[in-house]
Amino acid sequence: MNKVANSYFAQEQAASPSKRHQEALERCIARLAEQMPVIGLRNPKIGTAQNRWIYCDGPDWVMGFLSGTLWLAYQLTGRSDFARAATARRPGFRMVLENRRYRDHDLGFQFSLSSVAEWQMTGDREARRMGLAAADALLGRFRPEGGYIQAWTARGPDDRAQARFANGRMIADTMQNLALLYWANRQTGIDDYRDVADIHAETAARLLVRDDDTSFHTFLFDPADGTPLRGETHQGFADGSCWSRGQAWLIHGFAQCHAYTRNAAFLAIASRLAARAETLVGSQAVPVWDFADDPAKPDHIDSSAGAVMAAGLYLLAGQCADPADRLRWRAFADRLLDGLIATCDLTATEGAQGFLAHGAAHVPAGRHDAMLPYGDYYFMEALMRSLGHNSFFW
Ligand code: GLY
């Protein structure tokens, strides 16, 4: 990503943020309408160098993001073709519910943006049932010994390497999945959903967030007795570094937990993470993929980290009592959105299928500088939050 100037202060900002954000949102909707017939029922996974989509070849953690984007577009426009394109994806989500090997902590990403969204937008009872079934499956991943939801799954009794990798591990990303549990609690009145979400968030605040308000991507426990062992990375540069999308998942996730619970501790931790991110992002237009200060670190930005962080900062700003805090987080979010629009926005680029370039899916695995469906979803969520919309599916 060396060739893209990545300095916020280098960007000229002619129009007001709301005009820029409204125009960008309209371009997203136009791109989505144009691409719906091309994409059909497939789910984008990652972009090619030509900004065309490569699609998931079965259930995948990213399968909900196009669905969520379509539901947001339906909410904004009332166009029934957006709703039809979203509901037509239901068989794929049913496959996840019917087969244990497709299920992990990503049930929240998958089902908040599909079944819960559909229930909210249309009142369809089967969509509600599927959302609750997904919440039950997520609840079943709770490990009471350590007080966390296990992220990943050991695929079978013979797969020992995967078992060692998955068992006893919590990850930052799961904070986004707790909203499914809080939603299920409100739908049913059953306390377990809320209690498990609360306990997981408290453990994440204690173990994933470091004393300097950076974060570990994952944290490992002794699977037998839940003894906390150590922080490790999976997609970041190093165990001790701060993976920028992980920090963004945590900011958005804790702000979301506060929105559901009004627990001031969650707002405080979201604010600490945001303050640290503000320093780490500094004058960058788009966050680097990992904040490590190390010459050996590959040089890439992550537009998806910028989009998730911006959406989370608007969410946080809306819940702060102090007007100075509200202004501070809104200004930081505006800055990130403007950085994305100036540096990564593909919505006016002919031939591109998505909204944002330069997403870093997994740099150590060689997947970077690409469109990502979650970058696109959170870009749209952030643009909408910037413009005052407050009805989402989390
Ligand atoms: N949740 C997986 C990722 O952020 O890449």
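The structure we're discussing is the one just above.
Treat the numbers as computed from the prediction; the structure is a model and nothing was measured.

Conventions adopted
Sequence order as written defines the numbering, with residues in each chain counted from 1. Reporting in this predicted model follows two pLDDT cut-offs: at least 70 for local features of residues, and 80 or more for side-chain atom pairs to be given and counted; totals over whole chains, interfaces and linings ignore these cut-offs and use all residues. With hydrogens and water excluded, all non-hydrogen atoms of the structure serve as input to the side-chain values. Grouping buried Ala, Val, Leu, Ile, Met, Phe, Trp, Tyr and Cys residues that are joined through side-chain atoms within 4.5 Å yields what is termed a nonpolar core. The cut-offs for exposure are 20% and 50% of the maximum accessible area for each residue type, with area from a 1.4 Å probe on protein chains only; residues under the lower value are buried, those over the upper are exposed, and the others partly exposed. Strands are runs of DSSP state E lasting at least two residues, helices are runs of H or I lasting at least four, and both sets are numbered from the N terminus onward. In this analysis, two residues are considered to be in contact whenever any of their non-hydrogen atoms come within 4.5 Å of each other. Pairing between two strands is assigned when DSSP locates at least 2 bridges connecting them. Axis definition: a line fitted to C-alpha atoms, limited for helices to the stretch in contact. Angles are taken between N-to-C directions and run from 0 to 180 degrees. Residue proximity to a molecule or strand is established when one non-hydrogen atom of the residue lies within 4 Å of it. Whenever a nitrogen or oxygen atom comes within 3.5 Å of another N or O atom, the pair is scored as a polar contact, on the condition that within protein one atom can donate a hydrogen and the other can accept it, and that pairs from neighbouring residues in sequence are kept only if both atoms are in side chains. Note on areas: Shrake-Rupley, 1.4 Å probe, and residue coverage restricted to the protein chains presented here. The salt bridge definition used is simple: a Lys or Arg side-chain nitrogen within 4 Å of an Asp or Glu carboxyl oxygen. With respect to orientation, any angle under 35 degrees is reported as roughly parallel, any angle over 145 as roughly antiparallel, any angle of 65 to 115 as roughly perpendicular, and every other angle as oblique. Crossings are assigned a handedness: left-handed for a near helix turned anticlockwise from the far helix by less than a right angle, right-handed for a clockwise turn. Each residue gets one of three labels, nonpolar for Ala, Val, Leu, Ile, Met, Phe, Trp, Tyr, Cys and Pro, charged for Asp, Glu, Lys and Arg, and polar for the others, Gly among them. Here the aromatic set is Phe, Tyr and Trp, taking the six-membered ring for Trp, and pairing holds for ring centres within 6.5 Å; pairs whose planes are under 30 degrees apart are stacked, those over 60 apart are edge-to-face, and all others are tilted. Charge-over-ring contacts are defined here by two conditions on Lys NZ or Arg CZ: a distance within 6 Å of the ring centre and an angle within 35 degrees of the ring normal.

Q: A description of the nonpolar core should follow, citing residues and the corresponding values.
A: In this structure, Phe254, Met309, Leu313, Tyr378 and Phe379 are the most contacted members of the largest nonpolar core, which totals 129 residues. The leading source of residues in this core is helix H12 (residues 303-317), at 10 residues. With sequence-adjacent residues up to four places away left out, Phe254 is seen in contact with Met175, Ala201, Ala204, Ala205, Val209, Phe266, Ile269, Ala270 and Leu273.

Q: Any details on the sheet that holds strand S5 (residues 169-171)? Residues and values, ideally.
A: Sheet strands line up and pair through hydrogen bonds in the backbone, either parallel or antiparallel. Spatially, S5-S6-S7 is the arrangement adopted by the 3 strands of the open sheet, whose pairing is antiparallel. The sheet is open, and its two edges are formed by S5 and strand S7 (228-232), each paired on a single side. Shown here is a sheet whose adjacent strand axes are inclined to one another by a mean of 20°, direction ignored.

Q: Can you break down the site of the ligand residue by residue, with the values?
A: Around the ligand sit Trp61, Asp173, Gln235, Trp243, Arg245 and Trp249, and those are all the residues in its vicinity. Here a nitrogen atom of the ligand and a side-chain polar atom of Asp173 are 2.6 Å apart. The side chain of Arg245 places a nitrogen or oxygen atom 2.6 Å from an oxygen atom of the ligand. For the ligand, whose accessible area on its own is 200 Å², the fraction buried by protein is 92%.

Q: Describe in detail the environment of Tyr193, supporting the description with residues and values.
A: Checked against the element boundaries, Tyr193 lands in helix H9 (residues 191-207). Considered as a pair, Tyr193 and Leu139 are 54 residues apart in the sequence and their alpha carbons are 6.7 Å apart. Residues within four places of Tyr193 in sequence aside, it is in contact with Leu132, Ala135, Asp136, Leu139, Leu181, Ala184, Asn185 and Thr188. Side-chain polar atoms of Tyr193 contact the side chain of Asp136, separated by 2.5 Å.

Q: Tell me about the environment of Gln50, residues and numbers included.
A: Checked against the element boundaries, Gln50 lands in the loop between strand S1 (44-47) and strand S2 (53-55). Its relative accessible area of 58% is what places Gln50 among the exposed residues. A C-alpha to C-alpha distance of 28 Å links Gln50 and Tyr74, two positions 24 residues apart in sequence.

Q: Report on the pattern of salt bridges, specifying residues and quantitative values.
A: For the coordinates displayed, the defined rule picks out 18 salt bridges. Note that Arg79 and Asp81 form a salt bridge whose closest N and O atoms lie 2.6 Å from each other. Looking at Arg79, the relative accessible area reads 35%, which means it is partly exposed. By relative accessible area, which is 24% here, Asp81 ends up partly exposed. A salt bridge links Arg328 to Glu278; the nearest nitrogen and oxygen atoms lie 2.6 Å apart.

Q: Give me the packing of helix H2 (residues 64-77) against helix H3 (residues 80-87): which residues, what numbers.
A: Where H2 meets H3, the closest approach of the two axes is 8 Å, and the angle between their N-to-C directions is 155°. One finds that H2 runs roughly antiparallel with respect to H3. As for how H2 packs across H3, the hand of that crossing is left-handed. On the side of H2, the interface is formed by Ser67, Leu70, Trp71, Ala73, Tyr74 and Thr77, while H3 contributes Ser80, Phe82, Ala83, Ala85, Ala86 and Thr87. For the contact of H2 with H3, the class distribution of residues is 8 nonpolar, 4 polar and no charged.

Q: With reference to specific residues and values, describe the packing of aromatic side chains.
A: A complete count under the given rule lists 23 aromatic pairs for this structure. Summarising the aromatic geometry, the rings of Trp71 and Tyr74 are spaced 5.8 Å apart at their centres and angled 75° between planes, so their arrangement reads as edge-to-face. Here the residue Trp71 and the residue Tyr74 both occupy positions in helix H2, the gap between them amounting to 3 residues, near one helical turn. Taking the relative accessible area as the measure of exposure, Trp71 reaches 0% and is therefore buried. Ring plane angle 80° and centroid distance 6.0 Å describe the contact between Tyr377 and Trp394, whose orientation is recorded as edge-to-face. Of this pair, Tyr377 sits in helix H14 (residues 373-386) while Trp394 is found in the segment after H14, placing the two residues 17 residues apart along the sequence. Each member of the pair, Tyr377 as well as Trp394, carries the same accessibility label: buried. An aromatic cluster of at least three residues, connected via ring pairs, comprises Trp61, Phe65, Phe109, Trp249, Tyr374, Tyr377, Tyr378 and Trp394. In this structure, Arg128 packs its charged tip against the face of Trp119, placed 5.7 Å from the ring centre. We note Arg385 situated over the ring of Phe392; from NZ or CZ to the ring centre the distance is 4.0 Å.

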